[in-house]
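One-letter residues, chain by chain:
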Amino acid sequence: MGCTPAPLAHYLKALAVLRLIAEQADPHVRGWWRNERFFILTRLDRPALLDFFLTTYAPTPLIAPWNGGSGFFPKDNTDGPDAIARSHAARFRAYRDALLAGKALTDGLLESPKKEAKAALIRRCRDTWRGPLAAWLDAVLVLNAEGDPAYPALLGTGGNDGRLDFTNNYMRRLAGLFDLRAPQAPALAQASRQLDSALFATPTSGLESAAVGFFLPGGAGGSNQGAGFTSKELAVNPWDFVLMLEGALLFRAALARRADAQGLPQASAPFALRPSAVGYGSAADADESARGEQWMPLWSAPTTYPEIAALFSEGRAQLAGRPATRPLDFARALARLGVARGIDSFERYAYIERNGQANLAVPLGRWIVQPRPHQDLLDVVAPWVDNLRRAARDKNAPRRLQSLARACEEAMLACCRHSSGLYWRALLINLAEAEAALLQSPRFSKDRGLQPLPRLPLHFIDAASTALDPQSARELRLALSLASLHGPGPDLSDPIRRYWLPIDLKSHDDFPRFLTNAHALEDPPERVAGGSDLFLRTIPLVLRRRALERNRAPKDRHTLRLAPAAAWAYAHPDDLNAYLRGELDDDRLLKLARAFMALKWRDAARQDPPQLVESRGRDTAEPALPGLYGLLRLAVPFSDVPAGHLAVYDRLTKRHESIDVPALEVKLDAAVLERLLAEDLSGAFRGASDRLKIAGLRPRLLLAAAPHGDFVRRLTAALIFPMRDHDLHALALRLTKPEATEPEDLDDDDDLQEPQEPQEPQEPGPSSAS
């Protein structure tokens, strides 16, 4: 009861109150929404307001002679039309004239016209109706260029919902509220109580059991729809139905919106959109009916009726200079204030099937008009998601692709609704999953022209970096470190992304393309990382493939030749420590890295470090990384480390001193990685020690032991993260003897013990690592 934003019948009732008072009682009346109620500022007090509707109100003439059941054909119920036609009250004069006009149009017809005859009758209405009848016609239907009618969703299919004709029921409700036989047509006794309840939500009795259509889902009837044991229609207030249709007159299809509707008649109505089953918990494919959606504006400033009428006359949102026709576009427009000033929020309604096959106006939530940061980033991914959505609608589309397309749209909607980086991270993860799913259907993806994610602006880092807990911050930084890896060269033409995707490296950099053959996407040998593989299984395969490629290279084949695209993308020892301890979510880290691989890394070196990186501590006296990891990391070089200076803490002087450190030129041995892949830690440790000794670095560690195989896999995967030269020098100083060792000393095993697996878990000693 009362005038509230939901359900739709009560929202329309509020508009009707404002319109009728402005047109018939107080032209200066103002209305606004506050605390889920509609308020008006008028010279009428509460008794005078009630008296206006009971004694003065002149109903707007609404007829639909093209519909069966409208009261103009022999088999129709004519109780309401006959009662109004016999009335002599002045306030029903316009209605009597409208009924005569309708009878003139249907004279001689025994039943409602069909197809072309119906269209011809509607065209005659368009040519002859004026005033309120013309306004009603604008709200109830649209004529296309050929003169054929199409119907906006708000008023069903031309003023009816199935066999329920709105105009006939409107006339019957009027006949039940007013004594039409009396000269002034006063309100009947129960009408006063019902009106007070309809306007002010006061309890009342004497409600009627009658159909109300899809405007009031709770009154549509059916099992579990109310108290009692029956499933018939629930008791409704006749004033609710009358005022609901009076309020619907504001939703007239304007010429400007007709031009922008792009063949969709629903979109020519104010704030009407194409259907999209995203953004609410019960969303399903079946919800995307032809009727679409409509978003109802709410405003908090007292506003006159002409101003509100102008708002509904324009009735659309703009996105990038074009009208928004889908819910996601509308939400993006709201996040950029792309709607008329003064609107605070929108109540979202969808005309979808519920309660069997009944079409209902279902409220789907409130959307606040408020600017949100980083909305320009959605412009970059929106075309890609649109292509994915269109492909997912194909009858042969994989179900996985359909669910991921919806998940991407859901994530974009959430970014329009919230400012937290949590939702931007969720969007990046969903984009990465959708991109990976394309590889699981290579023929379908090739046939539909689906491509990898476009190059993403680096500002995605800032968008994803808000509202971070320490664990999420570490995951994000390590994901950036991994994603930034590229081969040598200023053009970054050898991205690590190619180990996950069959990318044509010669395609346009901002819009990369898949490698394809005549039938499907290519599956080149370098793509060793599957879309759904776990981090601990994927990364070692990438390292082995990279080592294999470098061993075959004609020159510079002694290192992996990998480096981050920017100096700020190196992994920090504290983040590596957290990863090695198993404190981070491997799956989320890999998905974020997959998305970050699409960043415009060529711009990274020219931009300031992200706040995410600047906020961490960069300098530590000594990296507290496990010795075993440090030794393996030194033996699997990304590149040669030049000589430099290192600040060390002197315990005697109790101060930091700068010392010269020699270059680290360790040659890559792919056998070390092969041993790690086989979870042979002892063999990998021996191979790594030999590599370091050949390079003139004698390891201080003599024994390698791991508590379980998962630790070995984690140790191996952690080798993919690039480290600064400073941190590598610190590792070498801590884990190897400072004096140089000649290469011929390799056979001298005086202080080298054979690593053996411990029989029982032991506490690591000063010369062992675990």
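In this text the structure is predicted, and so the values were computed from the model without any measurement.

Draft legend 1. Spotlight on the side chain of arginine 348. Structurally, the position occupied by arginine 348 is in strand β14 (residues 343–354). Separated by 2.9 Å, the side chain of arginine 348 and the backbone oxygen of valine 278 make a polar contact.

Draft legend 2. Broad picture of the pairing of β14. Within β14, 9 of the 12 residues are buried, leaving the element largely enclosed by the surrounding structure. Direction of pairing for strand β10 (residues 293–299) relative to β14: antiparallel, over a ladder of 7 bridges. Bridge assignment links proline 297 to a residue of β14, and that residue is phenylalanine 346. Pairing analysis gives 10 bridges linking β14 to strand β15 (residues 358–368), with the strands arranged antiparallel. Bridge assignment links tyrosine 351 to a residue of β15, and that residue is alanine 361.

Draft legend 3. Up close: the sheet that holds β15. On the basis of which strands lie adjacent, the open sheet formed by 4 strands has the order β9-β10-β14-β15 and antiparallel pairing. Each having just a single partner strand, β9 (272–273) and β15 make up the two edges of the open sheet. Each of β9, β10, β14 and β15 touches helix α12 (residues 327–334); the most contacted strand, β10, lies at about 20° to it.

Draft legend 4. Structural context of the packing of aromatic side chains. If you walk through the whole model with that rule in mind, you get 30 aromatic pairs. Relative to tryptophan 239, the ring of phenylalanine 53 has its centre 6.3 Å away and its plane inclined at 80°; by these criteria the two rings are edge-to-face. With phenylalanine 53 in helix α2 (residues 46–56) and tryptophan 239 in helix α9 (residues 238–248), this residue pair connects regions lying 186 residues apart in the sequence. Under the relative-accessibility criterion, phenylalanine 53 is labelled buried at 0%. According to the relative accessible area criterion, tryptophan 239 is buried, its value standing at 0%. Feature note: the residues Phe251, Phe271, Trp295, Phe312, Phe330, Phe346 and Trp367 constitute an aromatic cluster, connected by ring pairs. Above the face of the phenylalanine 638 ring, arginine 633 is positioned so that its terminal group lies 4.3 Å from the ring centre. Between the NZ or CZ atom of arginine 714 and the centre of the ring of tyrosine 579, over which it lies, the distance is 4.7 Å.

Draft legend 5. Summary view of the sheet that holds strand β1 (residues 30–34). Strand order in this open sheet of 3 strands is β2-β1-β11, and the pairing throughout is antiparallel. Strands at the two margins of the open sheet, each flanked by one partner only, are β2 (37–41) and β11 (303–304). Pairing analysis gives 5 bridges linking β1 to β2, with the strands arranged antiparallel. Bridged to tryptophan 32 within β2 is phenylalanine 39.

Parameters at a glance
- Residues numbered from 1 in each chain as written.
- Predicted model: local features only at pLDDT ≥ 70, side-chain atom pairs only at ≥ 80, totals over all residues.
- Heavy atoms only, no water.
- Helix = DSSP H or I, 4+ residues; strand = E, 2+ residues; numbered from the N terminus.
- Polar contact = N/O pair within 3.5 Å; in protein donor to acceptor, adjacent residues only side chain to side chain.
- Buried < 20%, exposed > 50% of the residue type's maximum accessible area, 1.4 Å probe, protein only.
- Pairing = 2+ DSSP bridges.
- Contact = heavy atoms within 4.5 Å.
- Axes fitted to C-alpha atoms, helices over the stretch in contact; angles between N-to-C directions.
- Phe/Tyr/Trp six-rings, centres within 6.5 Å; stacked < 30°, edge-to-face > 60°.
- Lys NZ or Arg CZ within 6 Å of the ring centre and 35° of its normal.

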